[in-house]
Amino acid sequence: MSVKTEYYARDRYLMHESTAVYSRYFRALTHSELQKKRDEGLSVSSAHSETHLWGVAELIPEIGKAYRFSDKEVMLGRFAAQFHDIERLPREDLGSQDEEASANRAVEVLEGLNKKDLFLTSDEERKAVGYAVLNQDKPPDFFKNPITRESTPQTLNDRLHTVLYVADGLQRLGAPLI
(Lines give C-alpha, C1' and ligand atoms only; values in the text may rest on other atoms or scores of the structure.)
Protein backbone atom coordinates (compact mmCIF):
# COMPACT_ATOMS: atom_id res chain seq x y z
CA MET A 1 0.00 0.00 0.00
CA SER A 2 1.42 3.36 -0.99
CA VAL A 3 1.84 6.22 1.46
CA LYS A 4 -0.80 8.18 -0.44
CA THR A 5 -3.25 5.27 -0.16
CA GLU A 6 -2.49 4.88 3.56
CA TYR A 7 -3.18 8.58 4.16
CA TYR A 8 -6.38 8.38 2.13
CA ALA A 9 -7.56 5.32 4.09
CA ARG A 10 -6.68 7.02 7.39
CA ASP A 11 -8.48 10.22 6.39
CA ARG A 12 -11.57 8.25 5.31
CA TYR A 13 -11.53 6.41 8.66
CA LEU A 14 -11.15 9.64 10.61
CA MET A 15 -13.92 11.31 8.59
CA HIS A 16 -16.19 8.29 9.21
CA GLU A 17 -15.45 8.45 12.93
CA SER A 18 -15.99 12.21 13.05
CA THR A 19 -19.26 11.82 11.12
CA ALA A 20 -20.53 9.47 13.83
CA VAL A 21 -19.39 11.85 16.57
CA TYR A 22 -20.99 14.86 14.87
CA SER A 23 -24.19 12.92 14.28
CA ARG A 24 -24.49 12.17 18.03
CA TYR A 25 -23.55 15.76 18.87
CA PHE A 26 -26.13 17.23 16.47
CA ARG A 27 -28.73 14.88 17.94
CA ALA A 28 -27.93 16.11 21.45
CA LEU A 29 -28.20 19.72 20.26
CA THR A 30 -31.62 19.02 18.76
CA HIS A 31 -32.78 17.34 21.95
CA SER A 32 -31.60 20.34 23.98
CA GLU A 33 -33.38 22.83 21.68
CA LEU A 34 -36.67 20.93 21.89
CA GLN A 35 -36.36 20.45 25.65
CA LYS A 36 -36.03 24.24 26.05
CA LYS A 37 -39.36 24.60 24.23
CA ARG A 38 -41.02 22.07 26.51
CA ASP A 39 -39.57 23.82 29.56
CA GLU A 40 -41.11 27.07 28.28
CA GLY A 41 -44.49 25.34 28.21
CA LEU A 42 -44.61 24.92 24.45
CA SER A 43 -45.67 21.60 23.04
CA VAL A 44 -43.87 20.00 20.14
CA SER A 45 -46.15 18.39 17.57
CA SER A 46 -45.56 14.76 16.70
CA ALA A 47 -45.06 15.80 13.07
CA HIS A 48 -42.04 17.85 14.15
CA SER A 49 -40.73 15.83 17.06
CA GLU A 50 -37.23 14.55 17.69
CA THR A 51 -38.27 11.31 16.01
CA HIS A 52 -39.13 13.19 12.80
CA LEU A 53 -35.96 15.32 12.87
CA TRP A 54 -33.75 12.30 13.53
CA GLY A 55 -35.59 10.22 10.95
CA VAL A 56 -34.91 12.83 8.27
CA ALA A 57 -31.26 13.05 9.35
CA GLU A 58 -30.86 9.27 9.13
CA LEU A 59 -31.94 9.30 5.47
CA ILE A 60 -29.38 11.95 4.46
CA PRO A 61 -26.30 9.68 4.06
CA GLU A 62 -28.06 7.24 1.72
CA ILE A 63 -29.61 9.97 -0.40
CA GLY A 64 -26.29 11.81 -0.35
CA LYS A 65 -24.60 8.72 -1.80
CA ALA A 66 -26.92 8.88 -4.79
CA TYR A 67 -25.80 12.46 -5.38
CA ARG A 68 -22.13 11.65 -4.65
CA PHE A 69 -21.93 13.87 -1.59
CA SER A 70 -18.63 14.38 0.16
CA ASP A 71 -18.45 13.44 3.84
CA LYS A 72 -18.62 17.12 4.76
CA GLU A 73 -21.75 17.59 2.64
CA VAL A 74 -23.34 14.62 4.42
CA MET A 75 -22.56 16.22 7.80
CA LEU A 76 -23.98 19.56 6.65
CA GLY A 77 -27.07 17.79 5.32
CA ARG A 78 -27.56 15.94 8.59
CA PHE A 79 -27.22 19.19 10.51
CA ALA A 80 -29.81 20.87 8.25
CA ALA A 81 -32.12 17.89 8.73
CA GLN A 82 -31.87 17.98 12.50
CA PHE A 83 -32.64 21.69 12.60
CA HIS A 84 -35.10 21.99 9.69
CA ASP A 85 -38.22 22.08 11.88
CA ILE A 86 -36.63 23.20 15.16
CA GLU A 87 -38.67 26.42 15.32
CA ARG A 88 -41.91 24.94 14.04
CA LEU A 89 -44.75 25.40 16.47
CA PRO A 90 -47.53 22.87 16.89
CA ARG A 91 -50.20 25.18 15.49
CA GLU A 92 -49.18 24.11 11.96
CA ASP A 93 -50.06 27.59 10.71
CA LEU A 94 -49.03 27.64 7.08
CA GLY A 95 -48.81 31.41 7.18
CA SER A 96 -46.19 31.38 9.91
CA GLN A 97 -42.51 32.03 9.37
CA ASP A 98 -41.31 28.79 10.96
CA GLU A 99 -38.95 27.91 8.10
CA GLU A 100 -37.25 31.30 8.32
CA ALA A 101 -36.92 31.03 12.10
CA SER A 102 -35.55 27.48 11.80
CA ALA A 103 -33.07 28.58 9.11
CA ASN A 104 -31.88 31.49 11.25
CA ARG A 105 -31.51 29.22 14.29
CA ALA A 106 -29.56 26.62 12.31
CA VAL A 107 -27.13 29.26 11.00
CA GLU A 108 -26.81 30.79 14.48
CA VAL A 109 -25.94 27.40 16.01
CA LEU A 110 -23.42 26.69 13.22
CA GLU A 111 -21.79 30.08 13.80
CA GLY A 112 -21.51 29.29 17.51
CA LEU A 113 -19.98 25.88 16.82
CA ASN A 114 -17.56 27.47 14.36
CA LYS A 115 -16.44 30.12 16.87
CA LYS A 116 -15.79 27.39 19.45
CA ASP A 117 -13.88 25.29 16.88
CA LEU A 118 -16.36 22.43 17.41
CA PHE A 119 -17.60 22.17 13.83
CA LEU A 120 -15.77 24.34 11.34
CA THR A 121 -17.86 25.71 8.50
CA SER A 122 -17.36 28.44 5.94
CA ASP A 123 -19.79 31.29 5.36
CA GLU A 124 -20.86 29.53 2.15
CA GLU A 125 -21.61 26.30 4.04
CA ARG A 126 -23.62 28.08 6.73
CA LYS A 127 -25.59 30.00 4.09
CA ALA A 128 -26.26 26.76 2.20
CA VAL A 129 -27.64 25.11 5.36
CA GLY A 130 -29.84 28.16 5.95
CA TYR A 131 -31.01 28.07 2.32
CA ALA A 132 -31.89 24.37 2.54
CA VAL A 133 -33.85 24.83 5.77
CA LEU A 134 -35.61 27.97 4.50
CA ASN A 135 -36.71 26.24 1.29
CA GLN A 136 -37.38 22.78 2.73
CA ASP A 137 -41.01 22.62 1.57
CA LYS A 138 -40.36 23.85 -1.97
CA PRO A 139 -39.08 21.50 -4.66
CA PRO A 140 -35.64 22.47 -5.94
CA ASP A 141 -35.80 24.46 -9.20
CA PHE A 142 -34.08 21.79 -11.26
CA PHE A 143 -36.77 19.25 -10.18
CA LYS A 144 -39.39 21.35 -11.94
CA ASN A 145 -37.68 21.10 -15.33
CA PRO A 146 -38.01 17.64 -16.97
CA ILE A 147 -34.70 18.15 -18.76
CA THR A 148 -32.67 18.80 -15.60
CA ARG A 149 -34.70 16.63 -13.18
CA GLU A 150 -32.38 13.64 -13.59
CA SER A 151 -29.19 15.68 -13.20
CA THR A 152 -27.09 16.09 -10.10
CA PRO A 153 -27.44 19.46 -8.37
CA GLN A 154 -24.26 21.48 -8.77
CA THR A 155 -24.19 24.23 -6.14
CA LEU A 156 -23.93 23.53 -2.44
CA ASN A 157 -27.24 25.38 -1.92
CA ASP A 158 -28.97 23.10 -4.43
CA ARG A 159 -27.28 19.96 -3.11
CA LEU A 160 -28.29 20.52 0.52
CA HIS A 161 -31.76 21.75 -0.47
CA THR A 162 -32.33 18.65 -2.61
CA VAL A 163 -31.20 16.11 -0.05
CA LEU A 164 -33.26 17.77 2.70
CA TYR A 165 -36.35 18.05 0.48
CA VAL A 166 -36.15 14.37 -0.54
CA ALA A 167 -35.37 13.05 2.95
CA ASP A 168 -38.14 15.09 4.58
CA GLY A 169 -40.64 13.89 1.99
CA LEU A 170 -39.64 10.26 2.41
CA GLN A 171 -39.73 10.47 6.19
CA ARG A 172 -43.20 12.05 6.15
CA LEU A 173 -44.37 9.15 3.99
CA GLY A 174 -43.03 6.74 6.58
CA ALA A 175 -40.13 5.50 4.51
CA PRO A 176 -37.63 3.47 6.50
CA LEU A 177 -33.91 3.94 6.03
CA ILE A 178 -33.18 3.02 2.43
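So, here's what we can say about the structure. Everything numeric in this text was worked out from a predicted model, so none of it was measured.

Okay, the overall build of the protein chain next. Scanning the protein chain from N- to C-terminus turns up 7 helices and 0 strands. Along its sequence from the N terminus, the protein chain presents helices and strands in the succession α-α-α-α-α-α-α. Across the 178 residues in the protein chain, those meeting the buried criterion constitute 43%. By sequence separation, contacts in the protein chain at least 24 residues apart represent 72% of the contacts at least 6 residues apart. With the model as given, the accessible surface of the protein chain reaches about 10,000 Å², and the carbon-plus-sulfur share is 54%.

For the rest of this paragraph, the subject is the environment of Asn114. The topology assignment puts Asn114 in helix H4 (residues 98-115). Separated by 12 residues in the primary sequence, Asn114 and Arg126 place their C-alpha atoms 9.8 Å from one another. Every residue in contact with Asn114, bar those within four places of it in the chain, is listed here: Phe119, Leu120, Thr121 and Arg126. In this structure the side chain of Asn114 is engaged in a polar contact, spanning 2.8 Å, whose partner is the backbone nitrogen of Thr121.

Take the nonpolar core next. Among the nonpolar cores identified, the biggest contains 36 residues, and Phe79, Val129 and Leu160 are the most heavily contacted of them. Contributions of two or more residues to this core are made by helix H1 (3-39), helix H2 (50-66), helix H3 (71-83), H4, helix H5 (123-134), helix H6 (141-144) and helix H7 (156-172). Looking at this core element by element, the count peaks at 7 residues for H3. If sequence neighbours within four positions are ignored, Phe79 has contacts with Phe26, Leu29, Ala106, Val109, Leu110, Leu113 and Val129.

Here Glu100 shows up in helix H4. In sequence terms Glu100 and Glu87 are 13 residues apart; their C-alpha atoms lie 8.7 Å from each other.

For the rest of this paragraph, the subject is the packing of H2 against H3. Taken N-terminus to C-terminus, the directions of H2 and H3 make an angle of 160 degrees; their axes are 8 Å apart at the nearest point. As judged from the angle between their axes, H2 and H3 are roughly antiparallel. At the point where H2 passes H3, the crossing takes the right-handed sense. Contacts between H2 and H3 involve Leu53, Trp54, Val56, Ala57, Glu58, Ile60 and Pro61 on the former and, on the latter, Val74, Gly77, Arg78, Ala81 and Gln82. Looking at side-chain class alone, the contact of H2 with H3 contains 8 nonpolar, 2 polar and 2 charged residues.

Reading the values: the criteria
- Counting of residues starts from 1 at the beginning of each chain's written sequence and follows it residue by residue.
- A pLDDT threshold of at least 70 governs which residues receive local features in this predicted model, and a stricter bar of 80 or more applies before side-chain atom pairs are shown or counted, although totals over entire chains, interfaces and linings include all residues.
- Side-chain metrics in this entry use all non-hydrogen atoms of the structure; hydrogen atoms and water are not considered.
- In this description a helix means any DSSP run of H or I spanning at least four residues, a strand means any run of E spanning at least two, and both kinds are numbered starting from the N terminus.
- For every residue, the accessible area obtained with a 1.4 Å probe (protein chains only) is divided by the maximum for its type, and the residue is called buried under 20%, exposed over 50%, and partly exposed between those limits.
- Every residue pair with non-hydrogen atoms within 4.5 Å of one another is taken to be in contact.
- Accessibility throughout is a Shrake-Rupley quantity obtained with a 1.4 Å probe, and a residue counts as covered only by protein chains that appear here.
- Contacts described as polar in this section are N or O atom pairs within 3.5 Å, which, within protein, must combine one atom able to donate a hydrogen with one able to accept it, while residues neighboring in sequence count only if both atoms come from side chains.
- The criterion is simple. A nonpolar core is a set of buried Ala, Val, Leu, Ile, Met, Phe, Trp, Tyr and Cys residues joined through side-chain atoms within 4.5 Å.
- In this analysis, axes come from line fits to C-alpha atoms, helices being fitted only over the stretch in contact, and the angle between any two N-to-C directions falls in the range 0 to 180 degrees.
- Small angles under 35 degrees read as roughly parallel and large ones over 145 as roughly antiparallel, with 65 to 115 read as roughly perpendicular and the rest as oblique.
- Here is the rule for handedness: rotate from the far helix to the near one, and if that takes an anticlockwise turn smaller than a right angle the crossing is left-handed, while a clockwise turn gives right-handed.
- Three classes are used, and their members are as follows: Ala, Val, Leu, Ile, Met, Phe, Trp, Tyr, Cys and Pro are nonpolar, Asp, Glu, Lys and Arg are charged, and the others, Gly among them, are polar.

As far as function goes, none of this settles anything; it's purely spatial.
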